[in-house]
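The chain contents come next:
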Amino acid sequence: MFQPEMESMGRDALERLQLARLRTQLARVYVNVPLYRRKFDDAGFRPEQLETLDDLRRVPFTVKDDMRSAYPYGMFAVPMRDIVRVHSSSGTTGQITVVGYTKGDLDRWADLMARTYACAGATADDVIQVTYGYGLFTGGLGAHYGSERLGSVTIPISGGNTARQVQVLKDFGVTVLACTPSYALLIAETAADMGIDVRSLPLRVGVFGAEPWSEAMRAQIEEKMGITAIDIYGLSEVMGPGVASECVHKNGLHVFEDHFLIEILDPQTLEPVPDGETGEVAFTTLTKEGIPVIRYRTRDISRIIPGRCACGRTFRRMERVTGRTDDMLIIRGVNVYPSQIEQVLMGIAGVAPHYQVVLTKKGSMDAVEVHVEVSPEISFDEIRTLEALQRTVSGAIASVLAVSVKVKLVEPKSIQRSEGKAKRVLDMRGEGAKS
Ligand SMILES: [Zn+2]
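Draft legend 1. Here's a closer look at the coordination of the zinc ion. Distances from the zinc ion to its protein donors, C247 (SG), H254 (NE2), C309 (SG) and C311 (SG), fall within 2.1 to 2.3 Å. Relative to the metal, the four donor atoms surrounding the zinc ion lie at angles of 101 to 118°, and the coordination shape comes out tetrahedral. Summarised as a motif, the one-chain spacing of the donors to the zinc ion is C-x6-H-x54-C-x1-C. Of this pair, C247 sits in the loop between strand 8 (240-246) and strand 9 (253-255) while C311 sits in the loop between strand 13 (304-305) and strand 14 (317-318); the two residues are 64 residues apart in sequence, bridging distant segments of the chain.

Here it is, written out as structure tokens:
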């Protein structure tokens, strides 16, 4: 553990610390951020009324639109002279949002990312290739300063140029790779094309995040690369990477609860649910100075895994994120997450883990087609083999999703690869159809 005195502290002491920090945080945002003052006033809530952690449920939520409406700096809780860096959200939909960090924030962030690497089993003896994008995106610099804080050799290669990634992976004696899981697969494929067996390299750990991925995809990456693949979690609105991380037991992600309060919300009532139940994840930052967030609704779907972890950390674990409320597709009344489709495909021999969900319109009806790449060893000329494979895939998807979708098998490597977050849903329904 990088900070064992915090990471293994008793629950009572942790909750006392959380309550003290929460009180300070609520008082600070009430005084310094007009948006919070207005929200608290509208809800009839005063920070001094908070007596227990449970009282947090009386505090209004923060949503992405709040941050958009405050663009660019309206939610900062300190004067601009105390801000030393800004990042922004990836802005895949709508306006981007801006987050700001004080010196103290950057210091704590480096500690939290160092914890993340240590969770994955890394030490100062490791060589870490940081393939997350450097820039406004929090991934690259977050992963970078954490690696330096741990004392590892840090390779700031950023994303892109996959052949060069493979070359560096091989030549620099890299032992830890930090990138998105879909990019890890592309690196593995590219290495194979270049005649390099990643399994024979010193690489032993992958620190993968920034997009939802499945247990089956983990198995594939671990097999192809000969590594332990660790799931990490974070989002720019809350801090960036370093909010939660799996340890080597790979059974849920320890939430760094001394800095972040996690709640799981019932999707209908938005009331917090007990440990073990699934819902939308919300975070309250306890120590952020630049832009604290209070009950920020992430739209990510997860649950708290009850019980203690064998690693000795006392922080509770959240289950790997299985999807986002935003990504959820409603197909003929059934809720479907693209990650469920991935899980199905990983279990079928003859298809590759590359797929795309294509939404089109037939008349007034939404039509859904899942494009799936066949594995290179399957001949595209053997019609009968393909037909059988298509039936297998359609049947498997239908049984898991409880809804049937049209499956189209496509040739190996015909689905566009991503160097960052994979684009799993292609919406071709035309203007006005996007919601
Ligand atoms: Zn653990």
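Draft legend 2. Representation of helix 5 (residues 103-119). Between its first and last C-alpha atoms helix 5 spans 24 Å; for 17 residues at 1.5 Å apiece the expected length is 24 Å, and the two agree. Burial of helix 5 is extensive: twelve of the 17 residues sit out of reach of the surface. Looking only at helix 5, the buried set comprises D105, W109, A110, D111, L112, M113, A114, R115, T116, Y117, A118 and C119. Looking at the residues trailing helix 5, positive phi occurs at G121, about 95°.

Draft legend 3. Up close: the packing of aromatic side chains. Under the counting rule described, the total for this entry stands at eight aromatic pairs. A centroid spacing of 6.0 Å and a plane angle of 55° characterise the contact between Y36 and F40, whose relative ring orientation is tilted. A residue pair is termed a helical-turn pair when its members lie 3 or 4 positions apart in one helix, as Y36 and F40 do in helix 3 (residues 34-42) at four residues. Taking relative accessible area as the criterion, Y36 reaches 1% and is therefore assigned buried. Relative to F45, the ring of F40 lies with its centre 5.5 Å away and its plane at 80°, an arrangement referred to as edge-to-face. Joined through ring pairs, the aromatic side chains of Y30, Y36, F40 and F45 make up one cluster. Cation over ring: R115 sits above F256, and NZ or CZ is 5.2 Å from the ring centre. Lying across the ring of W213, R218 places its NZ or CZ 5.8 Å from the centre.

Draft legend 4. Inspection of empty space enclosed by the protein at higher detail. All chains considered together, the criterion is met by one cavity of 30 Å³ or more. Its volume calculated, the largest cavity comes out at about 50 Å³. Surrounding the largest cavity, D105, R108, W109, L112, M239, H259, F260, T287 and K288 form its lining. Sort the elements by how many residues they give to the lining of the largest cavity and helix 5 lands first, with four residues. A class-by-class count of the residues in the lining of the largest cavity yields four nonpolar, two polar and three charged.

Draft legend 5. Molecular detail of the sheet that holds strand 18 (residues 351-362). Spatially, 20-19-18-21 is the arrangement adopted by the four strands of the open sheet, whose pairing is mixed. Two strands in the sheet have a free side with no partner beyond their single neighbour: strand 20 (406-410) and strand 21 (425-427). Between one strand and the next, the sheet's axes are offset by a mean angle of 25°, whatever the strand orientation. Seen against the sheet, helix 10 (residues 338-346) touches strand 18, strand 19 (365-374) and strand 21 and runs at an angle of roughly 140° to strand 18.

Draft legend 6. Expanded view of helix 2 (residues 11-32). Its 22 residues place the ends of helix 2 31 Å apart at the C-alpha level, agreeing with the 32 Å of an ideal helix rising 1.5 Å per residue. Every buried residue of helix 2 is accounted for by L14, Q18, L19, L22, Q25, L26, V29 and Y30. Around the axis of helix 2, the buried residues are gathered within 140° of arc, so they sit on the same side. Among the exposed residues of helix 2, those oriented more than 90 degrees off its buried face are R16 and V31. For helix 2, the elements touching its buried residues are helix 3, strand 10 (260-265) and strand 11 (279-285).

Draft legend 7. Representation of the sheet that holds strand 13. The mixed open sheet is built from nine strands, whose spatial order is 4-3-5-6-7-8-9-14-13. Looking at which strands have only one partner, the edges of the open sheet turn out to be strand 4 (153-155) and strand 13. Inspection of the sheet shows strand 5 (residues 176-179) paired to strand 6 (residues 205-208) by four bridges, in the parallel sense. Across the sheet, the residue bridging to V176 is V205, located in strand 6. Contacts between helix 9 (residues 215-225) and the sheet are confined to strand 5, strand 6, strand 7 (228-235) and strand 8, with strand 7 contributing the most and set at about 130° to the helix.

Draft legend 8. Spotlight on the environment of L265. Positionally, L265 belongs in strand 10. Overall, the relative accessible area of 0% leaves L265 in the buried class. Not counting the four nearest positions on each side in its chain, L265 is found in contact with F61, L270, E271, P272, V273, G279, E280, A282, R295 and R297.

Draft legend 9. Quick peek at unusual backbone geometry. At the junction of Y71 and P72, the peptide bond is cis and its omega measures out at -5° in the coordinates. Phi at S158 takes a positive value of approximately 60°, unusual for a residue other than glycine. One can find S158 in the loop between strand 4 and helix 7 (162-171). Since its relative accessible area comes to 17%, S158 is described here as buried. The residue R295 is not glycine, and still its phi comes out positive at about 50°. Tracing the backbone shows R295 in the loop between strand 11 and strand 12 (296-302). Given the relative accessible area of 2%, R295 is considered buried.

Thresholds, definitions, all that
- Residues numbered from 1 in each chain as written.
- Predicted model: local features only at pLDDT ≥ 70, side-chain atom pairs only at ≥ 80, totals over all residues.
- Heavy atoms only, no water.
- Donors = N, O, S within 2.8 Å, 3.2 Å for Na, K, Ca; no water.
- Tetrahedral: all angles 85-135°; square planar, octahedral: opposite > 155°, others 65-115°.
- Helix = DSSP H or I, 4+ residues; strand = E, 2+ residues; numbered from the N terminus.
- Expected span 1.5 Å × (residues − 1).
- Buried < 20%, exposed > 50% of the residue type's maximum accessible area, 1.4 Å probe, protein only.
- Phe/Tyr/Trp six-rings, centres within 6.5 Å; stacked < 30°, edge-to-face > 60°.
- Lys NZ or Arg CZ within 6 Å of the ring centre and 35° of its normal.
- 1 Å grid on protein atoms, 1.4 Å probe; cavity = no way out; pocket = protein on both sides within 12 Å on 5 of 7 lines; lining within 4 Å.
- Points joined across faces, edges and corners; volume = space filled by probe spheres on them.
- Nonpolar A, V, L, I, M, F, W, Y, C, P; charged D, E, K, R; others polar.
- Pairing = 2+ DSSP bridges.
- Axes fitted to C-alpha atoms, helices over the stretch in contact; angles between N-to-C directions.
- Contact = heavy atoms within 4.5 Å.
- Arc of directions from axis to C-beta.

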